[in-house]
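Per-entry structural report
Spelled out from the first residue to the last, the chains are:
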Amino acid sequence: MPTSPKLKPHTHDLPKQSIQTSCLISPPTTINAATVSTQLTTFKYSNRVLLKTILERRDGGLELAGESVVVGGWVKSSKEVRKEPVPLIVGDHGPDEPEPRSGVSCVEILQSRIPFLRAIVKVLGGSGGHYPLREKLEAAVHKPPPPSTVFLKVSDGSCVALFSQSLVHGTNVIELRVDKVHHIGTVDYSKYSLAKKRVPLDKLRDFCHIRARTTTVASVMRIRNALDFAAHTFCQNHGFLSVQVPILTTTDCKGFSEKFQDAINCADDFLKFLCKWVLENCPEDMKFVSQRIDKTRADHLHSVISSSFERISYTEALDAIKKVTEKKIDTKIEWGAALTEADLSYLADEIYKKPVIIYDYPKEAKPFYVRLNDDGKTVAAFDIVVPKAGKLISGSQNEERITILTTRVTELGLAREQYEWYLDLRRHGTVKHSGFSLEFDLMVLFSTGLTDVRDVIPFPRSYGKANY
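Keep in mind the model is a prediction, meaning the values are calculated, not measured. (Residues numbered from 1 in each chain as written. Predicted model: local features only at pLDDT ≥ 70, side-chain atom pairs only at ≥ 80, totals over all residues. Heavy atoms only, no water.)

**Comments concerning a nonpolar patch on the surface**
A cluster of nonpolar side chains, contributed by Leu241, Val243 and Val245, occupies part of the molecular surface with about 340 Å² of accessible area. By the secondary structure assignment, valine 245 is in the loop between helix 3 (215-237) and helix 4 (260-281). (Patch = residues over 30% accessible without salt bridge, like charges linked within 9 Å, V, L, I, M, F, W, Y side chains within 5 Å. Areas by Shrake-Rupley, 256 points an atom, 1.4 Å probe, with all protein chains shown as cover. Salt bridge = Lys/Arg side-chain N within 4 Å of Asp/Glu carboxyl O. Helix = DSSP H or I, 4+ residues; strand = E, 2+ residues; numbered from the N terminus.)

**As for the sheet that holds strand 14 (residues 433-438)**
Taken together, five strands build an open sheet; the order of strands is 10-11-12-13-14 and the sheet is mixed. Both edges of this open sheet fall to strand 10 (310-313) and strand 14, since each of them pairs with a single strand only. Pairwise comparison of adjacent strand axes, ignoring direction, gives a mean angle of 20° for this sheet. Sheet topology places strand 11 (residues 356-362) next to strand 12 (residues 378-386); six bridges connect them, and they run antiparallel. Bridge assignment links tyrosine 359 to a residue of strand 12, and that residue is phenylalanine 382. Along the sheet, helix 7 (residues 314-322) contacts strand 10 and strand 11; its crossing angle with strand 10, the most-contacted strand, is approximately 95°. (Pairing = 2+ DSSP bridges. Axes fitted to C-alpha atoms, helices over the stretch in contact; angles between N-to-C directions. Contact = heavy atoms within 4.5 Å.)

**A few points about the nonpolar core**
Residues Leu271, Phe382, Ile384, Ile393, Met443 and Phe446 are the most contacted members of the largest nonpolar core, which totals 49 residues. Where this core is concerned, the elements lending two or more residues are helix 3, helix 4, helix 5 (283-292), helix 6 (297-306), strand 12, strand 13 (390-398) and helix 11 (440-448). For isoleucine 393, the residues in contact, after removing those within four places along its chain, are Ala267, Phe270, Leu271, Phe382, Asp383, Ile384, Phe436, Ser437 and Leu438. Among the nonpolar cores identified, the runner-up in size contains 29 residues, and Leu344, Ala348, Tyr361 and Val370 belong to it. (Core = buried A, V, L, I, M, F, W, Y, C linked by side-chain atoms within 4.5 Å. Buried < 20%, exposed > 50% of the residue type's maximum accessible area, 1.4 Å probe, protein only.)

**Let's talk about helix 9 (residues 402-411)**
Within helix 9, burial applies to Leu405, Thr406, Arg408 and Val409. Projection of helix 9 onto a plane perpendicular to its axis shows the buried side chains occupying an angular sector of 160°, all on one side. For helix 9, exposure combined with an orientation more than 90 degrees from the buried face picks out Thr403 and Thr410. If you follow the buried residues of helix 9, they end up packed against helix 10 (420-427). (Arc of directions from axis to C-beta.)

**Re the packing of helix 3 against helix 4**
Running from amino to carboxyl end, helix 3 crosses helix 4 at an angle of 140°, the nearest separation of the two axes being 9 Å. Judged on the interaxial angle alone, helix 4 and helix 3 are oblique. Where helix 3 crosses over helix 4, the handedness of that crossing is right-handed. Where helix 3 approaches helix 4, its residues Ile223, Ala226, Leu227, Phe229, Ala230, Ala231, Thr233 and Phe234 are matched on the opposing element by Cys266, Asp269, Phe270, Phe273, Leu274, Trp277 and Val278. (Parallel < 35°, antiparallel > 145°, perpendicular 65-115°, else oblique. Left-handed = near helix turned anticlockwise from the far one by under 90°.)

**Concerning the environment of proline 367**
Inspection of the secondary structure assignment puts proline 367 in the loop between strand 11 and strand 12. The exposure class assigned to proline 367 is buried, which follows from its relative accessible area of 12%. In this structure the C-alpha to C-alpha distance between proline 367 and serine 396, which are 29 residues apart in sequence, comes to 9.8 Å.

**With respect to the pattern of salt bridges**
Evaluation of the coordinates by the stated rule reveals 20 salt bridges. Among the ionic pairs, aspartate 268 bridges to lysine 272, the shortest N-O distance being 3.3 Å. Separated by four residues within a single helix, aspartate 268 and lysine 272 lie in helix 4, roughly one turn from each other. According to the relative accessible area criterion, aspartate 268 is buried, its value standing at 9%. Measuring nitrogen to oxygen at the nearest pair gives 3.4 Å for the salt bridge that ties lysine 354 to glutamate 310. Separated by 44 residues along the polypeptide, lysine 354 in the loop between helix 8 (341-351) and strand 11 and glutamate 310 in strand 10 bring together distant segments of the chain. Note on lysine 354: relative accessible area 24%, which makes it partly exposed. Linked by salt bridges that have partners in common, Arg205, Arg211, Asp452, Arg454 and Asp455 make up one network.

As structure tokens, then:
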């Protein structure tokens, strides 16, 4: 690779009008550490450095200015622009300026303000068709100009490696002067599902195997990953064990178990922990969410963290709903009936305008195993309802008294033989216990501001949609 003078850090962004081909390079974007002399921390299982570890350095990568790097990733988008040439007049350059030459000139900008690192490649070519970038073009200073100039040659979706001779750091931008673009895996643009600049989310569901290459889905999946990690971190930090339970079962079971009031306090802390974790550990993805999906999403998460959750009984919730004069919800609901999702959302969004914990539900509205209260009519169950999200957590204290538990099975007309294993847990060494369950997919939906749960699940399943 020919050498070139080291470039000094600049303090300005390149003018937008100079950008003709834009290529978003998506993770896992890496730099080959072998070409960089400055000490870098490489990935344990390869001689590579995650690009974000450079962008997130305190100096923003300033120490690497002038070094040679190899950047790899998937091209997010590109476009071809044709312009009529400007006639070349010999001698129109200054005495100290080099004579203009035809050839390859690539400029790549990696912007750290978006989750997918943006690469802007400008390539001066000589003819029109789509083909891989050539390393050099024949000099033609004194030849007649071609009929047009084509900027680009990187197809959307291609896996490429960019070989740079110089890396320059500027304000919020790392600029690479690209020497060569190497196609590792090309794309048949006419058949590529993500060829369009923006594909609606409902259409992306048909391409679950590659939709994570889009900025939106990739950001959502990183937030989902962070929430999953946060949930396990909270449990591990507080002495809970992770146990894989059956997904398919014939047992009527909704909700989980730990003593009632303690469970409510734990669920309150848990939800706030998740919201705080996302804000602290996914800043770039949340910035993208605020810019492209919902500008108030971070405010909703902050609101959950700072709020003192309203705690009301089912009866109090029913009374509050009956006082509503608007026709948005059914205000004639009778005591004992289950509260609908619309009822719960109205309580949090319109009446209390903050997260609400509803407890002591009628026994008819909850599963057989929830502990019967002393009044004989209500059970120790609770829900946490969040504005703009709905019910995110359900919990209860479980019935430890086998005689009452057996009675409840009979009252509900359940087949006792299917629950003998559960009754065994009460016959042999029973103990008071409570707990709760998180609607995880809805939590991801709340964190990202999306409206359809299928867009926050890696491979959603629905009727006729299970081919992945």
